[in-house]
Amino acid sequence: MTKVAFVTGAGQGIGEAIVKRLADDGFKVAVVGRTLSKLERVIEEINAVHPGAALAIAADVAKRDEVFAGVNQTVEHFGDLTVLINNAGVAPTTPIMEVDEATIDWTFDININGVIWGTQAAVNAFKQLNHGGKIINATSQAGVEGNPNLTVYGASKFAIRGITQTTAKELAPLGITVNAFAPGIVKTPMMFDIAHEVGQNAGESDEWGMAQFSEGIALGRLSEPEEVASGVAFLAGADSNYMTGQTLVTDGGMVFH
Ligand SMILES: NC(=O)C1=CN([C@@H]2O[C@H](COP(=O)(O)OP(=O)(O)OC[C@H]3O[C@@H](n4cnc5c(N)ncnc54)[C@H](O)[C@@H]3O)[C@@H](O)[C@H]2O)C=CC1
Ligand SMILES: CC(=O)C(C)=O
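If you're wondering where the values come from, they're calculated on a predicted model, not measured in any experiment. (Residues numbered from 1 in each chain as written. Chains lettered and ligands numbered in written order. Predicted model: local features only at pLDDT ≥ 70, side-chain atom pairs only at ≥ 80, totals over all residues. Heavy atoms only, no water.)

K.L.:
Help me understand the site of ligand 1, please; the structure alone is not making it clear to me.
P.N.:
By nearness alone, 28 residues border ligand 1, and Asp60, Asn87, Tyr153, Val186 and Thr188 come closest of all. For ligand 1, an oxygen atom lies 2.5 Å from a polar atom in the side chain of Tyr153. Val186 places a polar main-chain atom, nitrogen or oxygen, 2.8 Å from an oxygen atom of ligand 1. Contact with the protein chains removes 95% of the 830 Å² of surface that ligand 1 exposes when unbound. Broken down by secondary-structure element, the contributors of at least two residues to the shell around ligand 1 are helix 1 (13-24), helix 5 (151-171) and helix 6 (189-201). (Near = heavy atom within 4 Å. Polar contact = N/O pair within 3.5 Å; in protein donor to acceptor, adjacent residues only side chain to side chain. Areas by Shrake-Rupley, 256 points an atom, 1.4 Å probe, with all protein chains shown as cover. Helix = DSSP H or I, 4+ residues; strand = E, 2+ residues; numbered from the N terminus.)

K.L.:
Honestly, the domain arrangement of the protein chain in this entry has me stumped. Any pointers?
P.N.:
How big an interface is tends to be stated in terms of accessible area lost as the parts join. By the assigned domains, the protein chain splits into domain 1 (4-186 + 224-250) and domain 2 (187-222). The centre of domain 1, based on its C-alpha atoms, is set 24 Å off from the matching centre of domain 2. On the side of domain 2, 13 residues touch domain 1, which itself brings 14 residues to the contact. Taking both sides of the interface into account, the surface hidden between domain 1 and domain 2 amounts to around 1,200 Å²; carbon and sulfur atoms contribute 59%. (Domains from an automatic or database assignment. Contact = heavy atoms within 4.5 Å. Buried area = accessible area lost by both parts, 1.4 Å probe.)

K.L.:
Help me understand helix 3 (residues 64-78) in this model?
P.N.:
Given 3.6 residues per turn, any residue in an α-helix points the same way as the ones three and four places further on. When the terminal C-alpha atoms of helix 3 are compared, their 21 Å separation across 15 residues agrees well with the 21 Å that a helix rising 1.5 Å per residue should span. Every buried residue of helix 3 is accounted for by Val67, Phe68, Gly70, Val71, Thr74 and Phe78. Looking straight down helix 3, one finds that the buried residues subtend no more than 160 degrees of arc, so they occupy a single side. In this structure, helix 3 carries Asp65 and Glu76 as exposed residues pointing more than 90 degrees from its buried face. Tucked inside the fold, the buried residues of helix 3 contact strand 1 (4-8), strand 2 (28-33), strand 3 (54-58), strand 4 (83-86) and helix 4 (101-129). (Expected span 1.5 Å × (residues − 1). Buried < 20%, exposed > 50% of the residue type's maximum accessible area, 1.4 Å probe, protein only. Arc of directions from axis to C-beta.)

K.L.:
Sorry, what's going on with the sheet that holds strand 3 here?
P.N.:
The strands that make up a sheet pair up through hydrogen bonds in the backbone, lying either parallel or antiparallel. Spatial ordering of the open sheet is given by 3-2-1-4-5-6-7, a layout of seven strands whose pairing is parallel. Of all the strands in the sheet, just strand 3 and strand 7 (247-250) have a single pairing partner and so form its edges. When strand polarity is set aside, the average angle formed by the axes of neighbouring strands in this sheet is 20 degrees. Alignment of strand 2 against strand 3, held across five bridges, turns out to be parallel. Following the sheet pairing, Ala30 is matched in strand 3 by Leu55. (Pairing = 2+ DSSP bridges. Axes fitted to C-alpha atoms, helices over the stretch in contact; angles between N-to-C directions.)

K.L.:
What should I look at first to understand the pattern of salt bridges in this one?
P.N.:
Side chains that differ in charge, positive against negative, can pair when their charged atoms come close. Applying the stated criterion to the full structure yields eight salt bridges. Between Lys63 and Asp60 there is a salt bridge, with the nearest N and O atoms lying 3.9 Å from each other. Arg221 is the partner of Glu227 in a salt bridge, and the nearest nitrogen-oxygen pair spans 2.7 Å. Its relative accessible area of 33% is what places Glu227 among the partly exposed residues. Since its relative accessible area comes to 44%, Arg221 is described here as partly exposed. Put simply, Glu16, Lys20, Arg41 and Glu45 are held in one network by salt bridges that share partners. (Salt bridge = Lys/Arg side-chain N within 4 Å of Asp/Glu carboxyl O.)

Written out as structure tokens, the structure is:
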């Protein structure tokens, strides 16, 4: 069977590291995001090493039709789909008294609805292709333990663990596994933006902002995107075939349960 993965939010950060790692592992990869120019840079870099392995697909995960169209395009292009990774997300900083409806709607549309549309599109494709598959969702350490000032984001990431558990049980009879990955603090544009905002709000520097998030990491350093991609590669590969409904926490020891 050809290994084909559809990865959202793959134009930078963790998604970019995931598609590069999966291409190295022999996958064909649909590199999905909203901004075609960012996706094209990533696919050029992958195709230079693995000719024809990467395809750029512009889609907004908050829009169900665009996600379904992207998955259909992937199957038409590569002839299969075996793994769908709901990685795209946004992370507003929201002290509780500043939470408003627009921020909740925007965040939930992408972080929660986007995962549901991705899940539906994957199930639809797996059924048409007459085989099971793997669905992998991005949660966060902030979806395992509450983080101050991340009420909206944290709520969306706790929801992802719930969706992962419910869909794992619902989809198991179809031969589909559903798991999640929960990174800690990863050096990506998302985290640099959050650190900047936290620093500004406190009248401090970006470095100070990042240090607030770095505290309490047992391994004493931030995560590289490639370290998250290693965990995702395990979830996408055959070694995790007897695993479903689980969250793989790659947070350097921030959270112990
Ligand atoms: N960076 C970190 O420390 C952590 C990140 N995560 C999660 O990992 C995932 C990836 O995060 P990063 O790579 O750090 O973020 P990032 O912001 O660097 O990259 C995310 C990508 O998703 C894209 N995206 C956002 N909304 C989209 C939409 N509606 N449709 C399609 N694409 C969209 C963005 O344009 C961007 O290219 C997210 O779900 C995030 O919540 C979880 C824990 C920690
Ligand atoms: C962005 C994120 O997931 C954090 C701070 O845990």
